[in-house]
Structure formats: structure tokens, C-alpha cells
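Residue-level listing of the chains:
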2 protein chains.
Amino acid sequence: MPNESETTVSRRDLLSLVGSVAGSAAMYQAMTSLGFASETNYKGPIKLAGDTKGASVLVLGAGLAGMTAALELRAAGYKVQVLEFNTRPGGRNWSLRGGDSFTELGGATQACGFEDGLYLNPGPWRIPYHHRALLDYCKRLGVALEPFIQLNHNALLHASTAFAGKPQRIRDIKTDFQGHVSELLAKTTQQGKLDEAVTVEDKEILLQALRSWGALDKNYAYQANLISAAYRGYAKDPGGGLGAAPVAGEVIKLQDILKSRLWGYLRNFSLHEFQTTMFQPVGGMDMIGKAFAREVGDLIQFDAKVTRIQQSDGGVTVNFVNSKAPSAQQTATADWCVCTIPLSILSQINIQVGPRMKAAIDAVPYSSSVKIGLQFKRRFWEEDESIYGGISYTDLPIRQISYPSSGFNRSGRGVLLGAYVYEGANSYEFTSMAPADRIARAVEFGSRIHPQYRAEFENGIAVAWHRVPFTLGCAGSWTEKARAEHYDNLCQIDGRIVLAGEHASYIPAWQEGAILSSLDAITRLHERVVRR
Amino acid sequence: MPNESETTVSRRDLLSLVGSVAGSAAMYQAMTSLGFASETNYKGPIKLAGDTKGASVLVLGAGLAGMTAALELRAAGYKVQVLEFNTRPGGRNWSLRGGDSFTELGGATQACGFEDGLYLNPGPWRIPYHHRALLDYCKRLGVALEPFIQLNHNALLHASTAFAGKPQRIRDIKTDFQGHVSELLAKTTQQGKLDEAVTVEDKEILLQALRSWGALDKNYAYQANLISAAYRGYAKDPGGGLGAAPVAGEVIKLQDILKSRLWGYLRNFSLHEFQTTMFQPVGGMDMIGKAFAREVGDLIQFDAKVTRIQQSDGGVTVNFVNSKAPSAQQTATADWCVCTIPLSILSQINIQVGPRMKAAIDAVPYSSSVKIGLQFKRRFWEEDESIYGGISYTDLPIRQISYPSSGFNRSGRGVLLGAYVYEGANSYEFTSMAPADRIARAVEFGSRIHPQYRAEFENGIAVAWHRVPFTLGCAGSWTEKARAEHYDNLCQIDGRIVLAGEHASYIPAWQEGAILSSLDAITRLHERVVRR
């Protein structure tokens, strides 16, 4: 779910983490002796063997963490009950379609006017290939997947102050940056300036590699010709019949790319989180939540707003009210509790846990995020601009425009993601607006990237996560300092209560984090039950 | 349809072309004044306005070029007849499924044993986003498309003599090469060795860009840490709950990457031809041929083997026999002829054209190519290795293994492309084998990349294009010299005959070339008819 600005923060944190962990070199050595293979945290379906002794578990929250716990704990023999604030399962695993309505904090209600078959995923919207647990649940629960296009070479990069405000094709910026960098290094190599770093034998291969990789000519120059055009695309494409020879376009100067800072977006296509092949469920992300609910829906009490969580040596007592008619207090009890309520909410609930867990619950702010879906009369991005899926990036407040990864090449209406703002001033600015204003602004800004917006726009819906009643924010936003101080305390079992969710993982804001956190929590809970 | 070895040849040709075309700089200037926008050769549905005067056209071949001509000429008012050698439409637009059988030159017949729903595309198998004409016909004819995954960061690169023969993840080679190159250039920059090439102001931005792009640490070093791991992947992935912190793996040394020559494959993911977003028709490439045939199937006479093509001032006369029972000569006549028969076949047919077109027909050899589809009991590449679609490259004779871009994450059987050899000695070697031997060799070689092959293999089918009776080769293989001498002569209208097909285009071996060639040919033919 996080976008790239979030990742930037995370990289900085990791950097200081590496600096502070003196023993990390030893860890690499240890891992390396096991070979290069990546070790996943998911080893296939969980096995909770042993006698549950008739124990009961109360699960708070029917998002992916809660439903994973409910599914696996029932299968292991527990008596399970789930309380869920919303009227639907899934939590942030959520899709908005025509006919849906949504009321945010402050009371503004939006009715979604999308055409049948079109949707917006306000929360998570893509699945990396290395999210093994989530993919396995999709397989086991029969959720059909299709590719999510993260990198589309023909999508756009846009800087308001560069190239006279004209968006550039990703393929041009990517190829030209790589070409110029290759030329610089090749020339340096030829001039003998790398002599210390590279052996004579390797230098010759390096030159060959730079020529291939950077689309250099025989003199190791990167310039406008049919060599670079074979990578970046042509001014006139090759065709058929007479007069069909291709023509190369100009290349962009290195200094213009550097000053534009558009190079900063290129990492979004090589980060492990966003590498090919990514997926999305066919028909909307909530197909996953619905699939879980087909298994455990009978255990879920919807519209249940938890107001108090108490525990004793004998078990757990949870008070709740009907979230739509909060008059009469109700009570649920069980031997154990798996609480997946977001920390942003949980920190406001009276919960009977020790001071260390309580401090951890209070220590994690939630990130701000806004997503805006816009419906247009036609898929002009495909028809006019040959952009099929992927993401255009801009320094305008909307930050991203993402084109749908389904319904490719079809006639008729389409919904694109007209803004995806994650943290930062723009996010708070959009959150503070009325929904209609958010949409109007998204159309206004977007029309500077795609002028077709003005004529083709029909309707939109805008979700600002800090105004979403069931999370009051997008996802747990850990700093490295907070993690060092509080993370383990958050994850430890406190008496009869254990927490789970993306906030209790090293993959915050991703569904995989929620599931892996839940599997780890119930594994430890189960061990405790069996051991007793 | 071409693979990357073909592209290598093409690049070399382009290089000499650039060198020889003195006026190309002027062309860039001319193009540049029009802006950076790429000019496609397809401007939307063709418009053949004007009086056809009741003229008739005989189209030879019901591949994509022939059926495009038939569809558009009938729509313009011509009387159209199509003669086709095969019993099915599509030509090289072809998919093999369970129950199909195929007899190659020499008489060997293969029966395809694939499970229902699985298939091999022996010919074209992917569609670039910039093939505007093909995409438009797919839209007009209702052919559903889905993404074809060309670049999968988690697929493999394999060199028999490097890394002890152990395949490497593409993401590791790609990230590590880019990281080391960035480090080299960053250090050179810091040492003041770039002073002539880059201004002081730009140097600082260049360093920032290299750090971001190359996953360098704060000292501009590329090494094993959580910064590079965020790009290349982890030795231990981040997880959920306790003990979930990620661990970085080792990076591969630059000299090891250089010596392995695995860097040579990286260009296959940035070449314009293979850039994201690519497509394939849902259910098999022949969905396109079938969609065309729904429109023009009534015009096609199947099993018609052309034996002679004559023309006079009054029209065209074509002799043909039944390709399955070649006894009685039959004759078709028309005012005009659009001939899409591959040059490999046409050069063996008595055709009455001038010496320049005849020389052109005889001047183009056809490339050699072999594709082998293998069915396995389960999709082990996904289940065991997290490889979803994309291509692994190897220096073994099979050259490529491509994983299916459909049915992702499903249980049950799967068909992958177990060999894709284009030109070169390996291609001729595979062509010379009996089909069963080709398959056995593909399984043997493939098991060195994926040991699961031995236990999971079920059956296969192997198409060697030089033994395919209707083409005797894969596609027209133009040299730059041949193009300069013959291409225009091949495309000119000769009396009442005009040629079309991928061989009459600058996009050889691609379906787009066939369609664009056909549209150009019939446009010129129609102008001549209207002008008369």
C-alpha cells in the first residue's frame, strides 16, 4: 500500500539502522553461508498441532489479520468469535463501486457513481510476488489474480518547473539517464582514470557492457541515432510498405535530466517492493476480504464498536456497542484475545495491558494518505497516448496518476487513480478539504498532465485515510527509534491478549504484514495454550 | 516474434545504417521541430474513399496481412476472394492446444497432448504497446488482451561457466551491475575526474542521482546492506511479529558479473520492442486470427496451394491445387492481386512480375527459429521459486525459458515455453532433430535450470519453423544491404500485383509489420484503381 515517498523515509531509517547495528556484517556472513536464496517468512500453511483444550478466542477486527486468525484458529479447534466495526469484512482491504456510499469523519457522505465493473481500491491495490503468505491465501481461497502494472515505460514523469512543464515519457528519461551515465563512465574508463578500481582485463568487458546497457555507439557516445532509438523509442516508428524507415528523435541532455530531478522517480521501478511481477485480484482488492469472509463470515459480528478490553487470569472481557446505534453496552468473553484494531483506534480504547504494551500502542503515529478515483467517458490514456496501466509521477499535489491494470484496450468508460498522496503537506491539505473539493482539485491538477480530463471527466470519489472512522489513518508509521524501543513490546503476548496487524510487522501498510503478523501471533498464542 | 539474438543482428544493421546515412542529422532536426512526440505509422482505421468501379481483388494468404486486406478492401467495395494454403486462418498467428496435430516437412506428425485451456503460441506471442494497428484491430474485432510479462525481476539468468553453473536472479544481476557502475562513476566524480564533462553544479546533483539510482550508501559505496537489499531483495525478507527484521544478502562482485556476461541480457528489458506494457490475447494468440476470420472467413478458400501467378493488362490469373489432394489444377482470376505469400515460398512459385520485384523476392532469406512447449504436472516455477511469467535466459541451447503469463497462482498443470531459439547454430541443430528428440533435449537442458523438470514433465510439442510447410522459415531476415537494394522494389506495385506481409515492412517478424504493410499496399492499390 505505501507509495514511494513512504519508501524514502523507510530507506533513511534503514540506513541509520545499518549504521547502528554493529553486528550486521556477521549476519550477512551467516546468511551467505546458506546460499543466495531469499528466505521468506512464510513456509506454507500454518500447522497448529496439539490440544486446544476447548479454549476460546475473541478476535477483534475482521481485516486480513483478524480473519486469518479466525480461519486458522477455528481450524485448529478453537471456539472463535470476531467483532468488527464495519458492516462488511476486510477493513482496509476495500473496493468502492457504483452504488456504494461512504461516510467519513465529520459526516460527509460520498455516493460512488462508477459504472458497473469499475472500481477504486482506496487501500491496498497491489501485491508483490514475494508476498508469499498473501499469495498462498489467494490460492487456497480461490481469488483470481491478474498482473498489476507498476512500471509502464510509456507513462509520464512530470516536473512543473522542468521542460516547460511538459510531461516526459518514462522511457525517455530512463534511457537517456542510463545512456549518459554509461557514456561518462565509458569515457572515464577509456581515459585510464579507473585504473585502480578495475583490472585491465575487466575494463574491456566493462566497456562492452556499458555499450550494450547504455545504448552507446561504437565510439561509446550516447546520442540521437537508431541505436538509442531502439531503446528509447523513435520520432517516427518503423512501419510497413514504402517510406517506412524509422527515424530517431533527439535525446535529452544529461544536465536537463539532472536539473529536472525526474531521475528520482526511476527507483520506483527497481525497488524490491515494486518489482515485476506484481498482482491485483481480478475485480477489485476486496475479492480477498470477501474470500476470507466466505470461510469465517459466520464467526463475525458486524457493526460492533469495541469500547473496553479487560483481562484476568480467567480470560478476556470485551465491551462493545452497536456502531450504528451505540446505546446498549454488550459484552463478549473468551479465554484469549487476538486484537487487530489499528493502534490509532486502540490507543483511544481502555485496554487492560501492561505499561510496556500500552506505551507501544501509544507510540506509533499513523500515516496520512489520500486516494482519489476518477471516472472518464473513455480510456483516453490508452486511445490517445498509448498508456496501458502503470503510474505517471508528478510534483503537483496529486503526486501520481495510475491507470487501470484491467480492461485493457476496451472501449467505453474507465476509472483511474487521479491522486495518490502519501504523507507530506499535500496529504494533509487534501484531507482538510471537503470531498467534492478534493475531486475538483484532482481534476484541475490532472488536466495539466492530460488535457483530456476537462472534456472526459464524469465523477469521482476521494478517500482521505485520516478521516476514515475505522482506522483514522492509513497505516502504522514506525520510526527506527520507535521500533527499537517499542516493537517487541507491542508483539509480546500480554497475559491473555496478543496484538496483530500490519502495525505489528516489518512490512507496514502491506497486507502481507498483517497476515504474517497474525500467523506469528497465533502461533505463539497456541504454543502457550498447548503448554499450559 | 523475434527474440533478442535477432535484435542483436538488427542493432548491428542499424549501426551501419546510421554510419552510412550522412543526412540523418538533418532528419533528427526535422523531426525535432515537430516535438518529442513519437509518430506512429497508424492513424486509425483506414479510409479507402472513392469509386472502386466494381473491381475485384484476389488475396493470396489468409494470415494477418491477407485478412487485413480482405476486410478493408471488401469494406471499400471491392469483390474479394482469398486463397489460403492451410485449413485454418491466421498463418503464423497460431496456437497449439490439446487435440491439435501438426505435420512438418519430412512427414513427422506431432499430436498435442496439452490439458484443456493450456496452449503454445509457436509464432508471435507478445504485442508491444506501440503496435497501434494491431491493437486497434484487436479492439475493433473484440479480442480481449491481458499483460504479457517480459521482464520478471525474479526470473533467472544462467551462464554455464559462471557462478558454478548456478542460475542467478535477474534482480540480483541488474541491481548489482547498476550499483557497481553507479559507485564507480560516483567515486570518479568525487575525485574530480569528470571536471570537463560535468559542471560543478551538476556534479552535486549527479551524485545524488547515482546514490538514488544505484542504491549507494552515504559514502557512495555499493555494498551488502539494507539499502541495496531494498532493491535487490533480502537474504531474509521482512516479516511480521517477533524476530521479523529483514537481513541483507551478499552482493555479487562487479568482476564476477562482467566475466559471466550475464549483463548482456539486461537490454532485453529496456529495448523499445520489449518494454512494458506488452500484451497477449486471452486464450492464445490465434484469437486474433479467429477474430479476423469471423469477419472475412466467407471469402477464404482453404487448402488452396498456389502454383502460378500470371498477369496481363486485363487482370491476374492464379493457378492453385488442393493442398491435400493436389491433382486437379484450379484457376482464380481478378482485376488485382494482393500477394502475402512468404518470400521463402513465393520465390519457388512461378510469378509473372518484373525483374526488380523478382530479384527482391529472391533476395530475402528466412530466419530459423524453434519453439518448444512443455507441459508439467504443476506450476513449480510459481510454487517453488516465486517466478510468475517472464523469461529466464541461458547460454544452453534452449536459450530461453518463458513462464506463462496467464493462470497465475493457480493449482494444477501448466505449459511453459521450454526453448526459444532464434537463428544461430542451436536453431539449426534443433531443427535437424526429430520432434521427440527436440523435446527430450529441452527437458534435459531445462532441468539444469529447474531440477523439478525431471519429476514434473508430462509432454511437449516442438515447432521448427524451417520445417513448417506454409512458411519454410520464421520471418524475412533483411540485411541492411539487401534492404537498400531490394526493399522498395519489393513494395512497389508491379502491374496488377502488390506484395504485403511482415517481409514487406521495417518491423520484420512482428504482426504489426504484416498489418502496416498490408494497409500501405492496399492504400496504394486503391489510389491506382480510383485514378484510372
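Residues numbered from 1 in each chain as written. Chains lettered and ligands numbered in written order. Predicted model: local features only at pLDDT ≥ 70, side-chain atom pairs only at ≥ 80, totals over all residues. Heavy atoms only, no water.

Enquirer: Summarise the relation of the copies chain A and chain B; cite the residues concerned and give the values.
Expert: Between chain A and chain B, which share one sequence, the superposing operator has a rotation angle of 180° and an axial displacement of 0.0 Å; the RMSD is 0.0 Å. With respect to symmetry, the two chain copies, as superposed, fit the operation of a two-fold axis. Distance from the rotation axis, computed per C-alpha, reaches its smallest value in chain A at Leu185(A): 2.9 Å. A share of 100% of interface residues in chain A that are also interface residues in chain B marks the association as one of identical surfaces. (Least-squares fit on C-alpha atoms with pLDDT ≥ 70 in both. Contact = heavy atoms within 4.5 Å.)

Enquirer: Would you mind going over the nonpolar core in detail, with residue names and values included?
Expert: Within the largest apolar cluster, 292 residues are counted, with the highest numbers of intra-cluster contacts made by Phe177(A), Val338(A), Phe177(B) and Val338(B). Once residues lying within four places of it in the same chain are set aside, the contact partners of Phe177(B) are Ala209(A), Trp213(A), Leu254(B), Ile257(B), Leu258(B), Trp263(B) and Leu266(B). (Core = buried A, V, L, I, M, F, W, Y, C linked by side-chain atoms within 4.5 Å. Buried < 20%, exposed > 50% of the residue type's maximum accessible area, 1.4 Å probe, protein only.)

Enquirer: Explain the sheet that holds strand β18 (residues 350-351) of chain A to me, using residue names and the numbers behind them.
Expert: Residues and elements named next belong to chain A. Taken together, the four strands give an open sheet; going across it, the order is β16-β15-β14-β18, and neighbouring strands pair in mixed fashion. Where the open sheet ends on each side, the last strands, each with one partner, are β16 (325-334) and β18. The sheet contact formed by strand β15 (residues 315-322) and β16 spans six bridges and is antiparallel. Bridging from a neighbouring strand, Thr-317 pairs with Thr-333 of β16. (Pairing = 2+ DSSP bridges. Helix = DSSP H or I, 4+ residues; strand = E, 2+ residues; numbered from the N terminus.)

Enquirer: Just give me the short version of the packing of aromatic side chains, but keep the residues and values in it.
Expert: All names here are of chain A. Summed over all chains, the structure comprises 47 aromatic pairs over all chains. Judged by centre distance (6.0 Å) and plane angle (65°), the rings of Phe-380 and Tyr-453 are edge-to-face. Taken together, the residues Phe-380 in helix α12 (residues 380-383) and Tyr-453 in helix α15 (residues 453-456) connect sequence positions 73 residues apart. Residue classification places Phe-380 among the buried residues on the basis of a relative accessible area of 0%. Given the relative accessible area of 0%, Tyr-453 is considered buried. (Phe/Tyr/Trp six-rings, centres within 6.5 Å; stacked < 30°, edge-to-face > 60°.)

Enquirer: Could you give an account of the pairing of strand β15 (residues 315-322) of chain B, with specific residues and numbers?
Expert: Residue and element names in this part refer to chain B. Burial of β15 is extensive: six of the eight residues sit out of reach of the surface. Strand direction decides the pairing type here: strand β14 (residues 304-312) and β15, joined by eight bridges, are antiparallel. If you follow Gln-311 over to β15, its bridge partner there is Val-316. Between β14 and β15, which pair antiparallel in sequence order, lie two residues. Two successive antiparallel strands, β15 and strand β16 (residues 325-334), enclose a turn made up of two residues.

Enquirer: If you had to explain the domain arrangement of chain A to someone new, which residues and values would you point to?
Expert: When the domains of chain A are assigned, the result is domain 1 (49-90 + 286-364 + 479-531), domain 2 (96-154 + 276-284 + 367-467) and domain 3 (168-260). Centre-to-centre, using C-alpha coordinates, domain 1 of chain A lies 54 Å away from domain 3 of chain A. (Domains from an automatic or database assignment.)

Enquirer: Help me get a handle on the sheet that holds β16(B), residues and values and all.
Expert: Residues and elements named next belong to chain B. With mixed pairing, the four strands of this open sheet are ordered in space as β16-β15-β14-β18. A single partner strand is all that each edge strand has here, and the edge strands are β16 and β18 (350-351). Pairing of β14 with β18, which is carried by two bridges, proceeds in the parallel orientation. Bridging across to β18, Ile-309 finds its partner in Ile-351.

Enquirer: If you had to explain empty space enclosed by the protein to someone new, which residues and values would you point to?
Expert: Evaluation of the coordinates by the stated rule reveals four cavities of 30 Å³ or more. Here the largest cavity is characterised by a volume of approximately 220 Å³. Every residue lining the largest cavity is counted, 17 residues in all, and those nearest its centre are Lys174(A), Gln178(A), Lys174(B), Gln178(B) and Ser270(B). At the level of elements, α5 (170-190) of chain A together with α5 (170-190) of chain B are the ones that each hand at least two residues to the lining of the largest cavity. Residues of the lining of the largest cavity, tallied by class, amount to eight nonpolar, six polar and three charged. There is about 110 Å³ of room inside the second largest cavity. If you trace the second largest cavity, you find 16 residues lining it, with Ile149(A), Thr276(A), Phe148(B), Ile149(B) and Thr276(B) closest to the centre. Elements represented by at least two residues in the lining of the second largest cavity include exactly β7 (145-148) of chain A together with β7 (145-148) of chain B. (1 Å grid on protein atoms, 1.4 Å probe; cavity = no way out; pocket = protein on both sides within 12 Å on 5 of 7 lines; lining within 4 Å. Points joined across faces, edges and corners; volume = space filled by probe spheres on them. Nonpolar A, V, L, I, M, F, W, Y, C, P; charged D, E, K, R; others polar.)

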